[in-house]
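# Notes for the structure review
Residues per chain are reported as follows:
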Amino acid sequence: MLRGSPELELAVEWEAAAAAAAAAAAAAVAAAAEEQLGVDAGAAGEPERPAREEQQPKAALPSRARSRVAEEGDVRVARRLPPALPLPPPRRAARSPCQFAKARSRGQSQSYWRSSGSLRPVTVDSSKARTSLDALKISLRQLKWKEFPFGRRLPCDIYWHGVSFHDNDIFSGQVNKFPGMTEMVRKITLSRALRIMENLFPEEYNFYPRSWILPDEFQLFVAQVRMVKDGDPSWKPIFIVKPDSGCQGDGIYLIKDPSDVRLTGMLQSRPAVVQEYIRKPLLIDKLKFDIRLYVLLKSLDPLEIYIAKDGLSRFCTEPYQEPNPQNLHHVFMHLTNYSLNIHSGKFVHSDSANTGSKRTFSSILCRLSSKGVDIKKVWSDIISLVIKTVIALTPELKVFYQSDIPTGRPGPTCFQILGFDILLMKNLKPMLLEVNANPSMRIEHEYELSPGVFENIPSLVDEEVKVAVIRDTLRLMDPLKKKKETQSQHLEKHFPEKENLECELTGDPDCNPEAHLPSICLKQVFPKYAKQFNYLRLVDRMANLFIRFLGIKGTMKLGPTGFRTFIRNCKLSSSSLSMAAVDILYIDITRRWNSMTLDQRDSGMCLQAFVEAFFFLAQRKFKMVPLHEQVASLIDLCEYHLSLLDEKRLVCGRGRRTQSSPPQEINPTTRSAADSPAPGVIGTNKLSHSRHPLS
């Protein structure tokens with residue numbers, strides 16, 4: 001390169017600019033250090049330049065002059081280098097071909113990730129959580145979801161309510177309550193639902209104590225007790241009275257005869273259910289106990305049921321003795337309610353799952369297993385009890401659901417955690433005591449420091465069970481779960497050699513919040529065992545017929561016109577059953593059921609009245625066979641006629657569309673859109689259910 005050539009001058013200027021930049025960086029670091037240490041900048045001995053010199057435009061200097069000034073160390077000039085002289089890029093160490101390929105793959109994956117977009121956290125509105133708030137907060141922290149404790153103007157993914165579906169108006173997302181669930185599991189409604197199933201399948205529904213509804217069935221209760229006593233004078237029954245609206249053991253007491261003064265005095269003021277008392281329960285440490293199992297109803301249609309693998313065992317605090325006139329009023333001996341026994345002086349708080357007045361159900365199973373009990377048989381019986389109970393509840397829940405969230409209108413999807421209270425008899429047969437729509441999810445207990453002064457103490461047993469149930473319920477209901485799985489599948493498809501690609505791209509080692517979580521504690525039991533229990537869903541199919549003929553969206557009762565339309569469309573009228581007889585049947589049954597229900601806002605035939613009328617029609621049409629076969633045959637007949645009617649309507653609809661539009665050539669290999677059922681019309685697939693062999 002020749003001296004004085006343009007290439008040499010450019011190189012000199014480049015080196016001068018680089019030197020000036022290095023000097024500027026060093027001066028900036030020194031100035032920052034001096035400011036941090038509190039040293040006065042003037043103490044460095046740098047003379048102040050006159051204002052005129054600072055105001056002199058540096059752009060007027062030639063390029064060589066700018067280079068000399070930069071070499072002399074003027075920081076301020078170096079910071080104002082013209083854009084024509086950019087800083088040279090930093091040198092990189094040489095990379096191997098393997099490292100180069102890895103970086104290239106990473107760049108491709110980052111561009112893919114930016115195009116697909118990272119997922120936002122799931123949002124949960126916990127403003128209505130109430131007593132379950134503490135367990136919910138722990139669950140959300142473990143899942144690393146976003147909580148809105150005071151609500152949110154924008155919609156949330158999940159709304160966690162403490163009491164009922166109607167805590168506030170929700171038009172999207174998911175809510176942890178079903179409409180009508182609180183009403184359905186009240187003691188009277190539950191008893192009626194299980195009685196309907198017991199009439200159809202008496203051998204399958206023998207896990208619920210014999211019950212009478214008061215005051216409607218008080219005379220029947222007295223007559224049946226007297227009849228049994230006359231046949232067996234040695235029979236000395238004990239009955240337990242449970243108020244319909246009671247909870248936490250409120251108002252429950254034992255009687256030995258229907259003539260008890262308290263019973264007759266409360267009939268009109270407080271409806272109740274009276275049941276046979278289970279005299280021979282299974283005892284642990286000479287104490288009576290019950291089991292609280294948590295059941296997740298994930299979906300109503302299709303039906304999905306999960307059972308928690310662990311639950312709680314609540315113990316009485318006095319050694320058990322069979323009821324007699326002397327101990328009949330000892331509530332700490334006969335009633336297992338936690339809210340009652342906690343006030344006993346013998347209640348034992350324990351952080352151990354194996355001891356105390358509240359233990360885990362798994363600890364009880366371990367103890368029974370050590371004594372040779374077949375634990376698998378116990379669990380199988382409990383699962384069967386839960387599925388059969390939910391099958392009994394779902395028909396009316398469907399009616400509530402279509403009333404609050406009619407088809408075609410905006411509304412949330414629902415799920416709910418239920419608390420099943422189960423008592424094991426001495427022979428290990430499980431008996432259903434009740435179902436709770438709002439099981440307590442508190443994870444602390446009250447400790448009395450002094451008379452009237454209480455302190456909340458954490459309960460490790462409650463936290464172990466309840467937090468797992470709430471957390472894993474949220475995991476199952478995760479609205480972004482499908483999107484996460486789809487995104488993960490795309491990443492694996494494009495970059496099969498990458499492991500934990502999402503974490504590497506985001507730089508977050510904990511980006512997968514479920515990596516450290518245990519396996520889900522909720523076990524699916526339906527539809528997993530659907531083949532064994534689908535034959536029991538006769539009332540569910542009746543509910544589908546009932547909803548079809550309701551007519552007005554949002555109503556829960558069938559009017560006389562809807563009932564006549566049902567009879568006519570299903571071809572049930574005949575010479576022996578005229579439409580006048582149908583009207584009389586409707587009036588008689590509806591009037592009787594309306595007199596038994598407290599809610600008189602809507603007039604018409606409720607679902608349970610419709611079921612009674614359906615039983616009457618089935619017994620008239622199909623004789624000399626058991627009731628469940630009569631009902632199943634009539635359902636098949638109704639569904640068959642309705643399917644023919646739907647097909648006829650579809651054909652007529654296609655014909656009208658063909659007349660209104662010019663004829664088009666149809667490819668026989670493709671299916672026409674008109675062949676699919678119209679929206680809102682129940683097609684053949686919706687109505688036809690395969691008949692399971694009845695046992």
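Residue positions within a chain follow its written sequence, with the count starting from 1. Residue-level local features of this predicted model are given only where pLDDT is at least 70; pairs of side-chain atoms are given and counted only at 80 or more, and the full residue set underlies all totals for whole chains, interfaces and linings. Hydrogens are left out, water is left out, and the side-chain values use all remaining heavy atoms of the structure.

## Looking at the sheet that holds strand 5 (residues 211-214)
Whether parallel or antiparallel, the strands of a sheet pair through hydrogen bonds between backbone atoms. At least two DSSP bridges between two strands are needed for those strands to be called paired. In this text, helices come from DSSP runs of H or I with a minimum length of four residues, and strands from runs of E with a minimum of two, each type numbered from the N-terminal end. In spatial order, the strands read 5-8-6-7; together these 4 strands make up an open sheet with antiparallel pairing. Lying at the two open borders of the sheet, with one neighbouring strand each, are strand 5 and strand 7 (253-255). In this sheet, neighbouring strand axes are inclined to one another by 30 degrees on average, regardless of whether the strands run parallel or antiparallel. Its contacts with the sheet place helix 8 (residues 187-200) against strand 5, strand 6 (239-243) and strand 8 (272-276), and it is angled at close to 135 degrees to strand 5. Every residue pair with non-hydrogen atoms within 4.5 Å of one another is taken to be in contact. Every axis in this analysis is a line fitted to C-alpha atoms, fitted for helices over the stretch in contact. Angles between the N-to-C directions lie between 0 and 180 degrees. In the packing of helix 9 (residues 218-231) onto the sheet, the strands contacted are strand 5, strand 6 and strand 8, and the crossing angle to strand 5 comes to about 145 degrees.

## Structural notes on the packing of helix 20 (residues 560-569) against helix 22 (residues 607-621)
Across the interface, helix 20 lies against helix 22 with an axial gap of 13 Å and an inter-helix angle of 30 degrees. It follows from the interaxial angle that helix 20 and helix 22 lie roughly parallel. Considering the relative orientation of helix 20 and helix 22, their crossing is right-handed. Within the contact between the two elements, helix 20 uses Phe563, Phe566 and Ile567 and helix 22 uses Phe610, Ala613, Phe614 and Leu617. Broken down by class, the residue content of the contact of helix 20 with helix 22 amounts to 7 nonpolar, no polar and no charged. When an angle is under 35 degrees it counts as roughly parallel; over 145 it counts as roughly antiparallel; between 65 and 115 it counts as roughly perpendicular; any other value is oblique. In this scheme, a crossing is called left-handed if the near helix is turned counterclockwise away from the far one by less than a right angle; it is called right-handed if the turn is clockwise. Just so you know the grouping, Ala, Val, Leu, Ile, Met, Phe, Trp, Tyr, Cys and Pro go in nonpolar, Asp, Glu, Lys and Arg go in charged, and all remaining residues, Gly too, go in polar.

## Section: the sheet that holds strand 2 (residues 146-148)
With parallel pairing, 5 strands are arranged side by side in an open sheet as 2-1-3-4-14. Across the chains shown, the open sheet's two edge strands, defined by having one partner strand only, are strand 2 and strand 14 (413-414). Of the strand pairs in this sheet, strand 3 (residues 158-161) and strand 4 (residues 174-175) are connected by 2 bridges, and their pairing is parallel. Counterpart to tyrosine 159 in the pairing with strand 4 is valine 175.

## Examining the side chain of arginine 314
Looking at where arginine 314 falls in the secondary structure, it is placed in strand 12 (residues 312-315). The classification of residues rests on relative accessible area computed with a 1.4 Å probe and restricted to protein chains. Under 20% of the type maximum is buried, over 50% is exposed, and intermediate values are partly exposed. On the basis of relative accessible area, arginine 314 is assigned to the buried category, the value being 9%. Here a polar contact means two N or O atoms within 3.5 Å. Within protein one must be a hydrogen donor candidate and the other an acceptor candidate, and residues neighboring in sequence count only if both atoms are side-chain atoms. In this structure the side chain of arginine 314 is engaged in a polar contact, spanning 2.9 Å, whose partner is the side chain of aspartate 290. If we skip the residues at most four places from it in the chain, arginine 314 touches Lys288, Phe289, Asp290, Arg292, Thr336, Tyr338, Ser357 and Asp421.

## Quick notes on the environment of proline 179
In this structure, proline 179 sits in the loop between strand 4 and helix 7 (181-184). It is 5.8 Å that separates the C-alpha atoms of proline 179 and tyrosine 401, two residues lying 222 residues apart in sequence. Beyond its immediate stretch of four places on either side in the chain, proline 179 contacts Phe165, Leu397, Phe400, Tyr401, Asp404 and Cys414.

## Considerations on the nonpolar core
Counting residues in hydrophobic clusters, the biggest one holds 105 residues, and the most contacted among them are Phe420, Phe563, Phe566, Phe614 and Val631. No other element matches helix 14 (residues 375-404), which puts 15 residues into this core. Apart from residues no more than four positions distant in its own chain, phenylalanine 563 is found in contact with Leu558, Val582, Leu585, Tyr586, Met605, Phe610 and Ala613. Only buried residues count toward a nonpolar core, which is a set of Ala, Val, Leu, Ile, Met, Phe, Trp, Tyr and Cys residues joined through side-chain atoms within 4.5 Å. Ranked by size, the runner-up nonpolar core spans 33 residues in total, among them Val124, Leu296, Val461 and Ala468.

## Considering the pairing of strand 16 (residues 430-436)
Burial analysis of strand 16 places 7 of its 7 residues in the buried class, the great majority of the element. Bridging between strand 15 (residues 416-424) and strand 16 involves 6 bridges; their strand directions are antiparallel. Considered in strand 16, the bridge of leucine 424 is made with proline 430. Connecting strand 15 to the antiparallel partner strand 16 that follows it, the hairpin turn spans 5 residues, and leucine 428 within it adopts a positive phi of roughly 70 degrees.

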